[in-house]
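# A closer look at the structure
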Amino acid sequence: MTDDDFVGMDSETHLFRAGRRAPPVVCVTWARPSGRKGIEVGAGARRLVFASLERALSGGPVLAGHSIAYDSACWLATWPDVVTLLFEAYERERIVCTKVNEKLLDIAEGTHFEEPGRGRYKLGELVKKHLGIELEGKGTLQLQYGELDGVPLECWPREHVDYAVNDAVVVFRLLAVQEARARTMQYSLPDAAFQAAADFALFLTTCRGVRANGERVEALLADIRAKKAVLEKKLVAAGLLRTQNHRDGIPTLHKSVGKMRELVWDAHGEDSPRTPGGQPQTDRVTLEDLDDPRAEDWNEYSGLEKTEGSFVLKFLEAVSRPAHPNYNILVNNGRTSSYGDEHGGFNIQHIARMPGIRECLEARSGCALAACDFDTQEMRTWGEATSVIVGRSVLAERYRQDPHFDPHTAFAATLLGISEEEALARKKAGDAEFKLWRQNSKPGNFGPPGGMGVDGLIRYARSYAGLKWRDVENCAGCRMGRSSTSRDHTCFAARVRDTWFRQWPEARGYFAHVGSLTDSGSGTQVQLYSGRVRGGVTFTDAANGYFSGLAADASKRALWRVTRACFDPSLASPLLGFRPWAFIHDEAICEGPEERAAEAAEEMRRLMEAEMQKFTPHVPAVASPQLYRAWSKKAEPVRDRGGRLIPWEDRATAG
């Protein structure tokens, strides 16, 4: 590594808080491999950032930072006119992130730590691990820089100068360790710069934050607590809830997990599903299988308890100030995840299933939410993966014949033994029986591509929107769901899986390839198009990884393109002035002025389809835009008489 390769950069800022997740910059530091380093404040910090970006774009050193998405967002908030330079530097892969690099290397080795917010990938932890250095001042000096804003640098305490500069120094030292590690692995980190750009887009989404409607939140909270009160009486009587004194003497109710384990053991004995520690499992699906009213009450109470604590109480905070869901740029298969932390926020990518809960989150006054999601995205990426790996894909061919092909309707038709034409007619007519069959066919399309067997498919159907395959005829003609044990579902589950293999014959060649990767129990997978490596994959990891990773890459590229259009005036996009509001795997949501939201949503569709098409050249990409003022799972695209999108809430006035 030479001075011409990289320059380590870091920023110290004011403290961040709700509504200000990208606070003003106080100083910017830099360091080169040769030992040259420096610190700038005020106008000098601005000149340093602009000059560094300009040099990077002219072929000079690449900018490297740890969690540099945060620094970038702070630069943008402090000096808005840096916007085009900053986005262009990311676009042309002139900015890299040591946090992202570390995650990619761990994924390649099969040692990635997926739980976000636990410190594993913080700068101090990695420097201690790889350089044997304990960074001084984290959590103390780090919090004091706002007090130095406007103070001439020559008046700064020496320890504050040294701390700030040292963060830039250790960045390029850490980068050197990562480069050496990558060379040992013969791994070029081909998508590292792109993942850094996507991380920046995700952080800008976090910065926007979401707001909640106070009346809806209060009503939902009252409903939850009323339901909990009824269930508490029943569970206390059953011995599954007991009163304990808290430390401060206030009596509280605690669930008796031991008592619930006894119920599982009484039902299954030695055949009880076990935890890794050998105890009977008490997860939702296992308890559903008990066919015991006490277990049903436990499940319902647990769900209400989690919904209240993890979401609704967080929504209360979002009534008076923004709540900021956090995003983790990478899990093992390349997808993102979302989480809350000590600063607030919640897992916006996995909102509890409860009527009215999403509707608590709404656009700010005068704004609307422009949303766009990919149609059957992972079905399309599975069709792409099989096209590349097997050489031919019936599913991909169906999409090429009709870009709006509905694989769930087609699969339900096969299970019912009717033509697709009849199935489509019944779907269009709102036939309740066919709607049930189509819904029950979805686990059959989503589970088997990942190598899921019959038992796994049964459990997956349970976890997928709570499906129990009730009221669905199995191949013996009996009705499903009359008994609660999973054994009674095996006949239908096996039929679903066998039918899926006949529906998509490319599956056998696909699984043969996956098996060749993992014939020793685990192996290494190289992601299509991006070249990202994942080590230690099992058969099901690899089977799932090709299409889920491909979908993740396409979605992140789409988010990046949409985010730049929101911020960069040089693009003159209809999205300019909108802000990314949420990212839900295959869906991007932006917030902005309602009068321009229709054009913004249509532009989202155009950009997202173009980006996904780069990852599915054998399968047409299709995305659907829509508008709403409050987030809703029920929302569908609504257009006026002239064909212009209008908010879902105005559907009664549509032509």
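Anyway, here's the lowdown on the structure attached to this text. It should be emphasised that the depicted structure is a prediction, and the values quoted were computed from it without experimental measurement.

## Section: the sheet that holds strand 1 (residues 6-13)
Taken in spatial order, the five strands line up as 3-2-1-4-5 in an open sheet, and their pairing is mixed. Taken across any chain shown, the strands that pair with only one partner, and hence form the sheet edges, are strand 3 (37-41) and strand 5 (95-97). Going across the sheet, the axis of each strand differs from the next one's by a mean of 25°, ignoring polarity. Pairing geometry for strand 1 and strand 2 (residues 25-31), over six bridges, is antiparallel. For Glu12, the partnering residue across the bridge sits in strand 2 and is Cys27. Its contacts with the sheet put helix 6 (residues 158-185) on strand 1, strand 2, strand 3 and strand 4 (62-65), and the angle it makes with strand 1 is roughly 140°.

## A closer look at the nonpolar core
Formed by 164 residues in total, the largest nonpolar core has its most connected members in Phe200, Phe315 and Trp631. Examining the composition of this core, we find that 13 residues originate from one element, helix 20 (residues 539-567), more than from any other. When sequence neighbours within four positions are dropped, the list of residues in contact with Trp631 reads Ile348, Ile351, Arg358, Glu359, Leu361, Leu369, Trp581, Ile584 and Ile589. Counting residues in each nonpolar core, the second largest holds 15 residues, with Leu141, Leu148, Tyr163 and Phe172 among its members.

## Here we look at the pairing of strand 13 (residues 523-526)
Relative to strand 14 (residues 533-537), strand 13 is paired through three bridges, and the arrangement is antiparallel. The residue bridging Gly523 from the neighbouring strand is Val537, located in strand 14. Between the antiparallel neighbours strand 13 and strand 14 lie six residues, among them Tyr529 with a positive phi of about 70°.

## Points about the sheet that holds strand 12 (residues 367-374)
What the four strands build is an open sheet, ordered 15-16-12-17; its pairing is antiparallel. Every other strand in the sheet has two partners, leaving strand 15 (579-583) and strand 17 (623-628) as the edge strands with one partner each. Neighbour to neighbour, the strand axes of the sheet diverge by 25° on average, direction disregarded. As defined by bridge partners, strand 15 adjoins strand 16 (residues 587-593) across four bridges and the pair is classed as antiparallel. Note on strand 16: the bridge partner recorded for Phe583 is Ala588. Across the sheet, helix 7 (residues 192-208) touches strand 15 and strand 16, and the angle it forms with strand 15 is around 100°.

## Quick word on the pairing of strand 4
Neither face of strand 4 is exposed, since Val62 and Ala64 on one face and Leu63 and Gly65 on the opposite face are all buried. Note that strand 1 and strand 4 share three bridges and pair parallel. Bridging across to strand 4, Phe6 finds its partner in Val62. Sheet topology note: the strand 4/strand 5 ladder contains three bridges and is parallel. The partner of Leu63 across the bridge, within strand 5, is Ile95.

## What to know about the environment of Cys367
Its location among the elements puts Cys367 in strand 12. You can call Cys367 buried: its relative accessible area is 16%. On a C-alpha basis, the gap between Cys367 and Cys27 in space is 35 Å, while along the polypeptide they are 340 residues apart. Look past the residues within four positions of Cys367 in its chain and what remains in contact with it is Glu591, Gly592, Pro593 and Glu594.

## Notes on helix 5 (residues 123-131)
Among the residues making up helix 5, those that are buried are Leu123, Leu126, Val127 and Leu131. Down the axis of helix 5, the sector holding all buried residues measures 100°, keeping them to one side. Residues of helix 5 that are buried make contact with helix 4 (98-109) and helix 6. Gly132 occupies a position one or two residues after helix 5 and carries a positive phi of about 70°.

## A closer look at the environment of Gly38
By secondary structure assignment, the location of Gly38 is in strand 3. Each C-alpha atom, one on Gly38 and one on Leu175, is 18 Å from the other, the two residues being 137 residues apart in sequence. Ignoring sequence-local partners within four residues, the contact set of Gly38 consists of Val28, Thr29, Trp30 and Val165.

## Some words on the pattern of salt bridges
Going through the model one piece at a time under the given rule, you end up with 41 salt bridges. Ionic pairing is found between Asp223 and Lys227, a salt bridge with its closest N-O pair at 3.2 Å. Separated by four residues within a single helix, Asp223 and Lys227 lie in helix 8 (residues 214-237), roughly one turn from each other. Relative accessible area serves as the criterion here: at 37%, Lys227 is assigned to the partly exposed category. When the shortest N-O distance is used, the salt bridge between Arg644 and Glu599 registers 2.9 Å. Of this pair, Arg644 sits in the loop between strand 18 (638-639) and strand 19 (645-646) while Glu599 is found in helix 21 (residues 597-613), placing the two residues 45 residues apart along the sequence. Through salt bridges with shared partners, a single network forms among Glu88, Glu91, Arg92, Arg561, Arg564, Asp568, Glu611 and Lys614.

Reading the values: the criteria
- Residues numbered from 1 in each chain as written.
- Predicted model: local features only at pLDDT ≥ 70, side-chain atom pairs only at ≥ 80, totals over all residues.
- Heavy atoms only, no water.
- Pairing = 2+ DSSP bridges.
- Helix = DSSP H or I, 4+ residues; strand = E, 2+ residues; numbered from the N terminus.
- Axes fitted to C-alpha atoms, helices over the stretch in contact; angles between N-to-C directions.
- Contact = heavy atoms within 4.5 Å.
- Core = buried A, V, L, I, M, F, W, Y, C linked by side-chain atoms within 4.5 Å.
- Buried < 20%, exposed > 50% of the residue type's maximum accessible area, 1.4 Å probe, protein only.
- Arc of directions from axis to C-beta.
- Salt bridge = Lys/Arg side-chain N within 4 Å of Asp/Glu carboxyl O.

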